[in-house]
Amino acid sequence: MRRKATVAGDVLLWAVLCLPLLWGGRSVLLADRYTPWEVAAGAAAIGAAVALGRSRPLPAMLVTAALWLAAAGTGKAVGCFPALAVMSYLAGLRVPRVRPALIALGAGTAATVLAVPVLSRDTGDWFVTVAGIALFGVVPWLAGHARHQHLELARAGWERAERLEREQRAVAEQVRLRERARIAGDMHDLLGHELSLVALRIGALEVAPDLAERHREIAGQARSAVTAAAGRLREIVEVLRDDTDPDPVRHGVADLVERARAAGMDVELHGPGEDGLAPMAGQAVRRVVQEGLTNAAKHAAGAPVTVRLDRTADETVVTVVTGLGGPPPRAAGTRAAGAGPADPDRPGNGAGAATGAAGPGGGYGLVGLAERVRLCGGSLHAGERAGGFELTARLPRVPGPVRDVPVPSADHLRRARRRVRRTRTVAITAALLTVVGTAAAVVGYTAYDAATSVLSPVGFGRLRTGMEQAAVEALLPARTRIDGPAAGEPPVPAGARCRYYGTHADPFGARGGELYRLCFAGGRLVGKDFLPVGRVP
């Protein structure tokens, strides 16, 4: 069902983006309508871009940029800018990395700068194409990237909320276990001692020399009953204590590796064992190795595992690397990464394989392991590596003060907020600079176009109908003001082609829209007209 909805959405997007190709030719912005072949080619290019949009967003954006380039080279770019803007926005939304997008946009702009002069000799087409890449490529991409960062912030917030909820459940469980242990201790201290005294007194009564045989039997039965009650009390106390570490590590690192090999794992051990370490540090080393092997067995079955112990004069470093050189771990295991101490706020952190602090299914294996290492004065790092996953613990030879560690989910949320603020600032700044730069370029180009396309009144007065075209062109400026035709102009002489020149170099003044029209046919000037401001758009 989701696949069908995705396909339907893509088809609808393609249809909407193709509409300007059908309607664009009817717009006053286009002198010529799109031909059927141009509509078909544009629709095919947009279809290819939409098809690539989900799996390859950047190539999809470049396809629409190429379509924009080809259309601008023929002076028909109006119908293509929606596709470029939409695919650029989707590329910013779907690609989290900035560098590939910047490289793609830079390459597209460079190709545009080089290709437009080949496709068209009109500097106006070159200007429209480059300005379009900036306005309809860069700005929408920035908006999409800002939206992506906003969604990342929302996800980080939900992850932090889920982590806080898990922590609340863990705290409640710890309180319950402490209360059960307290009740067990109370029962043991209050009842166990009393029952022992009662059994002792009954035993003394049982062996009293002046006690009748029948009473002696009754005393023996009472002593047996009290002794049995004391035994049942001890059993109940053991149940109430509910040890949260039901499987303490009683094996050394070498034994753990051998047991893993016997179970079929591909494990290598390098470095000395944990002999000679302080008891807490040695137990922490064994816990790290056990956690790494357990997570590898659960989340990366068949992948090679390397256990390395490096000991210096200052610290002991134990590293468990999974997956390098073998099949990569599945997502549930490889995403167990975090910065600094274990990052339990990320989903799939491998804690479900823990045999440590939280027990089966508790989801706190790396959390408990990080706490154990921290209490030894060390640090724990769990993170992805190229093709694998690495669990590293650093334990000082002489334990120092225990360091407080930040809550990983809070750090993740704080980093996400910082990225969103930075992206928003960059997007707004770049968009403003792009708009201001484009506006300045438009003004500058308009002034340049006006200054290079002015036919002076004196020159216009010297022209006479019937003059040879070569002689007339010797008196004309290098550029025309517009390609024409102008709105409301007089009828064009039969078989003639007309050129339009400005009358004034100031395009923004009251006379900026005035034009001179010169029409040529058969190699001679057949018509000259002055077009006032009111007759031109």
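Residues numbered from 1 in each chain as written. Predicted model: local features only at pLDDT ≥ 70, side-chain atom pairs only at ≥ 80, totals over all residues. Heavy atoms only, no water.

(A) Structural view of the pattern of salt bridges. This structure, assessed with the given rule, holds seven salt bridges. Across the salt bridge formed by Arg54 and Asp10, the nearest N and O atoms sit 3.2 Å from each other. In this pair, Arg54 is assigned in the loop between helix H2 (36-52) and helix H3 (57-73) and Asp10 in helix H1 (residues 2-23), connecting sequence segments 44 residues apart. Taking the relative accessible area as the measure of exposure, Arg54 reaches 46% and is therefore partly exposed. Here Arg261 makes a salt bridge to Glu258, at a shortest N to O gap of 2.9 Å. (Salt bridge = Lys/Arg side-chain N within 4 Å of Asp/Glu carboxyl O. Helix = DSSP H or I, 4+ residues; strand = E, 2+ residues; numbered from the N terminus. Buried < 20%, exposed > 50% of the residue type's maximum accessible area, 1.4 Å probe, protein only.)

(B) Quick peek at the nonpolar core. Core analysis: the biggest nonpolar cluster contains 30 residues, and Val267, Leu293, Val305, Val307 and Leu391 have the highest contact counts within it. Those elements that place two or more of their residues in this core are helix H8 (253-262), helix H9 (279-299), strand S2 (305-311), strand S3 (315-322), helix H11 (365-375), strand S4 (379-385) and strand S5 (388-396). The leading source of residues in this core is H9, at seven residues. The residues touching Val307, leaving out its near neighbours within four places in the chain, are Val253, Val257, Val267, Glu268, Leu269, His270, Val289, Leu293, Thr319 and Val320. (Core = buried A, V, L, I, M, F, W, Y, C linked by side-chain atoms within 4.5 Å. Contact = heavy atoms within 4.5 Å.)

(C) Structural view of a nonpolar patch on the surface. Together, Val7, Val11 and Trp14 make up a nonpolar patch on the protein surface, roughly 240 Å² of accessible area in all. Here Val11 is to be found in helix H1. (Patch = residues over 30% accessible without salt bridge, like charges linked within 9 Å, V, L, I, M, F, W, Y side chains within 5 Å. Areas by Shrake-Rupley, 256 points an atom, 1.4 Å probe, with all protein chains shown as cover.)

(D) Representation of the sheet that holds S2. Here five strands make up an open sheet; going across it, the order is S1-S2-S3-S5-S4 and the pairing mixed. Strand pairing shows two members of the sheet lacking a second neighbour, strand S1 (267-270) and S4, which therefore form its edges. Averaged over all adjacent pairs, the angle separating strand axes in this sheet is 10 degrees, with direction ignored. Of the strand pairs in this sheet, S1 and S2 are connected by four bridges, and their pairing is parallel. Along S2, the bridge assignment pairs His270 with Arg308. On top of the sheet, H8 reaches S1 and S2; it is set at about 160 degrees to S1, its chief contact. The sheet contacts of H9 involve S1, S2, S3 and S5, and relative to S3 the element is tilted by about 10 degrees. (Pairing = 2+ DSSP bridges. Axes fitted to C-alpha atoms, helices over the stretch in contact; angles between N-to-C directions.)

(E) Structural context of the side chain of His145. Here His145 is to be found in helix H6 (residues 123-206). Residue classification places His145 among the buried positions, given a relative accessible area of 6%.

(F) Structural view of the packing of H8 against H9. In contact at an axis separation of 9 Å, H8 and H9 are set at 15 degrees when each is read in the N-to-C sense. Comparing their axes, H9 and H8 come out roughly parallel. Of the two possible hands of crossing, H8 and H9 adopt the one that is right-handed. Counting all contacts with H8, which are made through Val253, Leu256, Val257 and Ala260, the residues of H9 involved are Val285, Arg286, Val289, Gln290 and Leu293. For the contact of H8 with H9, a count of residues per class yields seven nonpolar, one polar and one charged. (Parallel < 35°, antiparallel > 145°, perpendicular 65-115°, else oblique. Left-handed = near helix turned anticlockwise from the far one by under 90°. Nonpolar A, V, L, I, M, F, W, Y, C, P; charged D, E, K, R; others polar.)

(G) Representation of the state of the cysteines. On inspection of all chains with the given rule, the structure shows one disulfide. The disulfide partner of Cys498 is Cys519, and the S-S distance across this bridge is 2.1 Å. Judged by the torsion about the S-S bond (95 degrees), the Cys498/Cys519 disulfide is right-handed. Of this pair, Cys498 sits in strand S6 (residues 497-502) while Cys519 sits in strand S7 (residues 515-521), and the two are 21 residues apart along the sequence. Both residues of the pair, Cys498 and Cys519, belong to the buried class. (Disulfide = S-S within 2.5 Å.)

(H) Quick peek at the sheet that holds strand S8 (residues 524-531). The strand order S6-S7-S8 describes an open sheet built from three strands, whose pairing is antiparallel. Across the chains shown, the open sheet's two edge strands, defined by having one partner strand only, are S6 and S8. Put simply, the sheet's adjacent strands are angled 20 degrees from each other on average, direction ignored. Note: S6 against S7, six bridges, orientation antiparallel. Looking at the pairing, Arg497 lines up with Phe520 of S7.

(I) Fine view of the environment of Leu69. Tracing the sequence through the fold places Leu69 in helix H3. Once the C-alpha coordinates of Leu69 and Thr112 are considered, the two residues, 43 residues apart in sequence, prove to be 6.4 Å apart.

(J) Highlighting the packing of aromatic side chains. Tallied over the entire structure, the rule returns two aromatic pairs. Ring geometry for Phe460 versus Tyr516: centroids 4.0 Å apart, planes at 10 degrees, classification stacked. Placement of the pair is Phe460 in helix H13 (residues 457-462) and Tyr516 in strand S7, with a sequence separation of 56 residues. For Phe460, a relative accessible area of 12% puts it in the buried group. (Phe/Tyr/Trp six-rings, centres within 6.5 Å; stacked < 30°, edge-to-face > 60°.)

(K) Quick peek at the confidence of the model for the chain. Overall, the predicted model of the chain reaches an average pLDDT of 74, with 74% of residues at or above 70. Per-residue pLDDT, averaged within each element of the chain, yields its smallest value for helix H10 (residues 331-334) (34) and its largest for S7 (91). Of the regions scoring below 50 in pLDDT, residues 25-32 engages in eleven contacts with residues more than four places distant in sequence or in other chains. Note that residues 325-364 has pLDDT below 50 and, in this model, 104 contacts with residues that lie over four places away or in other chains. (pLDDT = per-residue confidence, 0-100.)

(L) Quick look at the pairing of S3. Counting buried positions along S3 yields seven of eight residues, so the element is predominantly enclosed. In this structure, S2 lies alongside S3, joined through seven bridges in antiparallel fashion. When the bridges of S3 are listed, Asp310 appears paired with Val317. Between the antiparallel neighbours S2 and S3 lie three residues. Strand direction decides the pairing type here: S3 and S5, joined by eight bridges, are antiparallel. Across the sheet, residue Val318 finds its bridge partner in S5, namely Ala393.

(M) A look at the environment of Val307. One can find Val307 in strand S2. Under the relative-accessibility criterion, Val307 is labelled buried at 0%. For Val307 and Gly271, which are 36 residues apart along the polypeptide, the C-alpha to C-alpha distance reads 8.5 Å.

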